[in-house]
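Tertiary structure, described
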Amino acid sequence: MSTDTAKSWNRYLPPALRSWRDAGIILPFAILFVTLSITSQPFLRKTNLLNILDQQSAILIIAAAGALILVSGAIDLSVGATYALAGCVSAQYAIKHSVLSAVIVGLALGLLVGIVNGIIVAIFKINSLIATLAMSFVIGGLGAKITKGNLIMLTEKPEYGKIAQSTWLGVSSSIWLMVGVIVVLGFLLTRTTTGRYMIASGGNAQAARLAGIRVSLIRIIAFGISGMAAALAGIIDASRVLSASAQLGGTLAFTVLAGIVVGGTSIAGGQGSVWRTVFGVLFIALIGNGFDLLGIDPLYHQIALGLILLVAVGLDAWGNNKRR
Amino acid sequence: MTKQAGDLTVVGVSKSFGGVAALTDVSITVKQGEVHSLVGENGAGKSTLGKIISGLLLPDSGQIQISGESVSFRSPREALAHGIVTIAQELAIVPGLTVAENVLLGDEPKKVGFIKRKKLRKDFAALAKRVGFEFEPDTVAGSLSVAEQQKIEILRALSRNASIIIMDEPTAALSRQEAEALHKVICDLSKAGTTVILVSHFLSEVLELSDTISVLRDGHLVKTMPAAQSNQEELIELMLGRSLGAIYPTKIFPHYTAPTVLFVNNLCAGGVSNAWLSVRAGEILGVAGLVGSGRSELARAIFKDSKIHSGSIEINGVRITGKNPLAALQRGISLLPESRKELGLLLERSIKENITLSSLDRWSKFGIISRRRENQVVAKILEKVLVKSAGVRQKVSHLSGGNQQKVLLARTLMSSPRVLIVDEPTRGVDVGSKRAIYDLLTELAADGLAIIAISSDLEEVLGIAHRVIVIRGGKIVSELSGRAMTEHAVLEAAFTGTK
Ligand SMILES: Nc1ncnc2c1ncn2[C@@H]1O[C@H](COP(=O)(O)OP(=O)(O)OP(=O)(O)O)[C@@H](O)[C@H]1O
Ligand SMILES: [Mg+2]
């Protein structure tokens, strides 16, 4: 049954905007972008825009993977802790070993954490919200133990900075890495069997199982990707500032989640997209940037973010209800 | 609930979804106290009309009148206030609540906000007795079969003392006995002055119960006529715009040398005990039995969807060792599950994605889906299984019930199975498409597929199967073939367990 009564006003909109889930974030993003370009002189400058992308690269990488998690019907709150732990471990390792091996160690650690998450959720059937929340405490504790609460400095090892700070065609490598991850994950979700199976597992796990899909394996893969993405983000940020701390990443999971949801990916699972997530994250980033450039009290920034998130979740719930 | 008696008139109603017309200028008068049936092909607009009358959808133009007065419902609640209640095609129960709680949901006997549990159970018992349904009020609704959940919905509508009840395919998921019980309920309701608007694909049921029948085709009203002056052939012709001939295709029996494809060896699983059966290539094995007798459980066990306690399943003499549906699929068993919404479809995804879901590996290389091949195979299967839609990218939730069923059938065929198990293959499917599905099954069997067909529609089982097994209490109590395959013999076995 669909209560299309509420939808009748849609008739007055141009067709492309009738389904907000498809167009959704693009319109507000465009409006915000244009507004900022007009109201703030420095906004449109290349340095400012590249700066935003550089700062957001870690979040975008995690959010792209997070979209896969949400689509497959789960949630990953442990990304912040994984981000911090992988950054620390990789940085610590880099002090005595080559940069490449340090990156590999960091990524492997993220993958491991993700797979453990996946196994807890998919095999032991523990609700992913609780499972990954618990895991984030465990990982956070491990991080504090390894670093003994200290900041790990990489001033002795400036090569580590090359991971994120090299430039190619005038754009920093952190951005290139981010674009690469987004393209790969976007492709994974829309064009591969794994992506299709994630959508199916999140949309109707029972039906997916009967269609011969290994739902548990698919969930584990999604968590593995999420863990790796968090680790990569941690490594990139450690490389950007040549230091790492276990204290970082406290609110990261929520920032990421906000971006994904604002981008229009359903928290109910079964649908969503990587590229819309990118716009969701950037939308939030632009608001921050705009508040800075226009010199508005940061207090309002927080309030604005909260309201936007509520609107996004509200629209999602409304969309879900409409479908009944 | 205020009881508003009077005729219901639909005047020039049109409705379209994103440019696709579902109803065009439909006018119908439903007299008070009559049973008025809506018949038509899948996607003809029956459910849409029902939804408009009950306030779930707003018409684009036209209006609804009760006793000559124009009314406009913006929500089912407003329609309810006028005594209009719907039993939807897609069930809407709360799985976590008990039967009694579901029936009286939103209408619970209360005292300062607290639900009076005793009174609730008593009200429920009184209602169930009045209708003649047997129900344990404390059973959790989610654990019940589809048929029983359907009964909950019927009880719920009746508990609202509605003056106009819209039933969208209420008997599609019911066993014959249950359907008969419901028929009696419908007659009683109409005698007591309640109007019943009935949507059904069972034309015999429609002819038997209705006072008036309206036929819809492609969103247009073709004809409204007294049931007494009509017959099955005429209805089919009006619905399809052509005549159908026989309801069932001629049976093509497998050659006597045809090898056994599926062999089930003393299988014990949840709800199934000591099942022995075999199906040969080209054979259609019918499975009959009452609702709840273990037919679907048998299907699930063979498909490895439930835990198998003992026994084995062999395909071409080789035992299936895996423990999940994937193993069964890989060995060539395909299942059309009984409940398309819960067990089958990704409602929010496209027709295309739903069709290729279980065979995606074959249309992809290194895990990358070949869009071209996917589109090709989907187009090809849709030539066989006709789905009325706005295109393969349409969301499945926007399809009519019968067309959803066809999408699911298309999926099961995509994995090129050797054994096809179909559980209620024609649930919610119109007569014309039913015939198309029977033709398809017959054709597939002729090509060497072994088919197990489960159905609550006994005529259907007898009409298409070469051999029938009857299940009762999880056991195969009888096997009938040739001349012994009669309705009488099946019913006797289903009820008493003896041949
Ligand atoms: N929410 C919707 N969005 C888009 N199209 C829809 C929607 N609901 C129904 N339709 C379309 O309207 C047409 C009529 O659908 P309806 O459900 O009324 O058919 P029906 O006669 O009840 O068929 P069935 O016998 O299969 O239940 C169909 O073509 C269907 O695809
Ligand atoms: Mg319908």
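Residues numbered from 1 in each chain as written. Chains lettered and ligands numbered in written order. Predicted model: local features only at pLDDT ≥ 70, side-chain atom pairs only at ≥ 80, totals over all residues. Heavy atoms only, no water.

Quick look at the pattern of salt bridges now. Inspection of the entire model under this criterion finds 19 salt bridges over all chains. Note that A:Arg209 and B:Asp305 form a salt bridge whose closest N and O atoms lie 2.7 Å from each other. Of this pair, A:Arg209 sits in helix α11 (residues 205-210) while B:Asp305 sits in the loop between α9 (295-302) and β16 (308-315), each in a different chain. You can call B:Asp305 buried: its relative accessible area is 11%. (Salt bridge = Lys/Arg side-chain N within 4 Å of Asp/Glu carboxyl O. Helix = DSSP H or I, 4+ residues; strand = E, 2+ residues; numbered from the N terminus. Buried < 20%, exposed > 50% of the residue type's maximum accessible area, 1.4 Å probe, protein only.)

Let us now look at unusual backbone geometry. Residue and element names in this part refer to chain B. The phi torsion at Asp218 lies on the positive side, around 50°, for a residue other than glycine. Asp218 sits in the partly exposed class, given a relative accessible area of 46%. Phi is positive for Asn274, close to 45°, though the residue is something other than glycine. Note on placement: Asn274 falls in strand β14 (residues 272-280).

Glancing now at the environment of A:Phe33. All names here are of chain A. Considering the arrangement of structural elements, one finds Phe33 in helix α3 (residues 26-39). Expressed as a C-alpha distance, the spacing of Phe33 and Ser136, which sit 103 residues apart in the sequence, is 35 Å. Those residues in contact with Phe33 that lie beyond four places of it in its chain are Phe43, Leu44, Leu49 and Leu286. (Contact = heavy atoms within 4.5 Å.)

Turning to the interface of chain B and chain A, a few remarks are in order. Counting from both sides, the interface comprises 40 residues of chain B and, opposite them, 27 residues of chain A. Across the chain B/chain A interface, buried area totals approximately 3,000 Å², and carbon plus sulfur atoms make up 59% of it. Applying the counting rule to chain B against chain A returns three salt bridges. The salt bridge involving A:Arg196 is made with B:Glu353; its shortest N-O contact spans 3.3 Å. Put simply, chain B and chain A have nine residue pairs in polar contact (both at pLDDT 80 or more) between them. For the side of chain B that touches chain A, the elements supplying multiple residues, two or more each, are α10 (325-330), α11 (340-344), α12 (351-356), β20 (368-369) and α13 (371-384) of chain B. A per-class count over the side of chain B that touches chain A returns 18 nonpolar, eight polar and 14 charged. (Buried area = accessible area lost by both parts, 1.4 Å probe. Polar contact = N/O pair within 3.5 Å; in protein donor to acceptor, adjacent residues only side chain to side chain. Nonpolar A, V, L, I, M, F, W, Y, C, P; charged D, E, K, R; others polar.)

For the rest of this paragraph, the subject is a positive patch on the surface. A cluster of like positive charges, contributed by B:Arg362, B:Lys365, B:Arg372 and B:Arg373, occupies part of the molecular surface. On the basis of relative accessible area, B:Lys365 is assigned to the exposed category, the value being 62%. (Patch = residues over 30% accessible without salt bridge, like charges linked within 9 Å, V, L, I, M, F, W, Y side chains within 5 Å. Areas by Shrake-Rupley, 256 points an atom, 1.4 Å probe, with all protein chains shown as cover. Lys, Arg positive; Asp, Glu negative; His and termini not counted. Charge placed at Lys NZ, Arg CZ, Asp CG, Glu CD.)

This part covers the site of ligand 1. Taken together, 21 residues lie around ligand 1, and B:Gly43, B:Lys46, B:Ser47, B:Thr48 and B:His201 are the ones closest in. Mapping the residues adjacent to ligand 1 onto the chains of the assembly identifies chains A and B. A distance of 2.8 Å separates an oxygen atom of ligand 1 from a polar side-chain atom of B:Lys46. A distance of 2.9 Å separates an oxygen atom of ligand 1 from a polar backbone atom of B:His398. Coverage of ligand 1 by the protein amounts to 93% of the 640 Å² it exposes when considered alone. Sorting the residues of the shell around ligand 1 by element identifies α1 (46-53) and α14 (401-414) of chain B as the ones contributing at least two each. Split into classes, the residues belonging to the shell around ligand 1 amount to four nonpolar, 13 polar and four charged. Looking at which domains feed residues into the shell around ligand 1, each of domain 1 (8-240) and domain 2 (260-496) of chain B gives three or more. (Near = heavy atom within 4 Å. Domains from an automatic or database assignment.)

By convention here, two paired aromatic rings are described through the distance between centres and the angle between planes. Residues and elements named next belong to chain A. Under the definition given, this model contains seven aromatic pairs over all chains. With a centroid separation of 4.9 Å and 85° between ring planes, the pair formed by Phe29 and Phe279 is classed as edge-to-face. One end of the pair, Phe29, is in helix α3; the other, Phe279, is in helix α14 (residues 274-294), and 250 residues separate them in sequence. Three or more aromatic residues link up through ring pairs in this structure, and these residues are Phe29, Phe33, Phe43, Trp275 and Phe279. Positioned over the ring face of Trp275 is Arg276, at 5.8 Å from the centre of the ring. (Phe/Tyr/Trp six-rings, centres within 6.5 Å; stacked < 30°, edge-to-face > 60°. Lys NZ or Arg CZ within 6 Å of the ring centre and 35° of its normal.)

Residues and elements named next belong to chain B. For Ala258, the position within the fold is in the loop between α8 (232-240) and β13 (260-269). In sequence terms Ala258 and Ala128 are 130 residues apart; their C-alpha atoms lie 51 Å from each other. When near neighbours in sequence (up to four residues on either side) are disregarded, Ala258 contacts Arg280 and Ala281.

A few words on the domain arrangement of chain B. All names here are of chain B. Once the domains are mapped, chain B shows domain 1 (8-240) and domain 2 (260-496). One C-alpha centre belongs to domain 1, the other to domain 2; they are set 29 Å apart. Contacts between the two partners involve 26 residues from domain 1, matched on the other side by 28 residues from domain 2. Note on domain 1 versus domain 2: buried area summed over both sides is about 1,900 Å², and carbon and sulfur give 52% of it. Counting across the domain 1 and domain 2 interface gives one salt bridge. Ionic pairing is found between Asp218 and Lys388, a salt bridge with its closest N-O pair at 3.9 Å. If you look at where domain 1 meets domain 2, you find four residue pairs in polar contact (both at pLDDT 80 or more).

Because an α-helix completes one turn every 3.6 residues, residues spaced three or four positions apart along the sequence face the same direction. Residues and elements named next belong to chain B. Of all eight residues in α9, six are buried; the element is thus mostly enclosed. Taken together, the buried positions of α9 are occupied by Arg295, Ser296, Leu298, Ala299, Ala301 and Ile302. Two residues or fewer after α9 comes Lys304, characterised by a positive phi angle close to 60°.

Glancing now at the sheet that holds strand β10 (residues 195-199) of chain B. All names here are of chain B. Here six strands make up an open sheet; going across it, the order is β6-β9-β10-β3-β11-β12 and the pairing mixed. The outermost strands of the open sheet, each flanked by one partner alone, are β6 (84-87) and β12 (220-226). When strand polarity is set aside, the average angle formed by the axes of neighbouring strands in this sheet is 15°. Bridge analysis of strand β3 (residues 35-40) against strand β11 (residues 212-217) gives five bridges, and the strand direction is parallel. Looking at β11, one finds that Ser37 is bridged to Ile213. (Pairing = 2+ DSSP bridges. Axes fitted to C-alpha atoms, helices over the stretch in contact; angles between N-to-C directions.)

Below, the discussion takes up the packing of helix α13 (residues 252-262) of chain A against α14(A). Residue and element names in this part refer to chain A. Contact pair α13 / α14: the axes reach a minimum separation of 7 Å and the direction vectors enclose 120°. Accordingly, the angle class assigned to the pair α13 and α14 is oblique. Judged by the sense of rotation from one axis to the other, the crossing of α13 with α14 is right-handed. Where α13 approaches α14, its residues Ala258, Gly259, Ile260 and Val262 are matched on the opposing element by Thr277, Gly280, Val281, Phe283 and Ile284. For the contact of α13 with α14, a count of residues per class yields six nonpolar, three polar and no charged. (Parallel < 35°, antiparallel > 145°, perpendicular 65-115°, else oblique. Left-handed = near helix turned anticlockwise from the far one by under 90°.)

What follows is about a nonpolar patch on the surface. Residues and elements named next belong to chain A. Together, Leu111, Ile115, Ile119, Ile123, Phe124, Ile126, Leu129, Ile130 and Met228 make up an exposed nonpolar region whose accessible area comes to about 750 Å². When residues of the nonpolar patch are traced back to their parent elements, those giving at least two are α6 (99-122) and α7 (128-147). Broken down by element, the residue count for the nonpolar patch peaks at three residues, all from α6. Mapped onto the secondary structure, Ile119 falls in helix α6.

Turning our eyes to something else, we now look at the sheet that holds strand β1 (residues 8-17) of chain B. Residues and elements named next belong to chain B. If you walk across this open sheet you meet the four strands as β2-β1-β4-β5, and the pairing is antiparallel. Looking along the sheet, the strands with just one partner apiece sit at the ends: β2 (20-30) and β5 (69-71). In this sheet, neighbouring strand axes are inclined to one another by 30° on average, regardless of whether the strands run parallel or antiparallel. By the bridge criterion, seven bridges tie β1 to β2 in an arrangement that is antiparallel. Directly across from Val10, in β2, lies its bridge partner Ile28. Most of the contacts of α1 go to β1, to which it runs at about 120°, and overall it touches β1, β2 and β4 (61-66).

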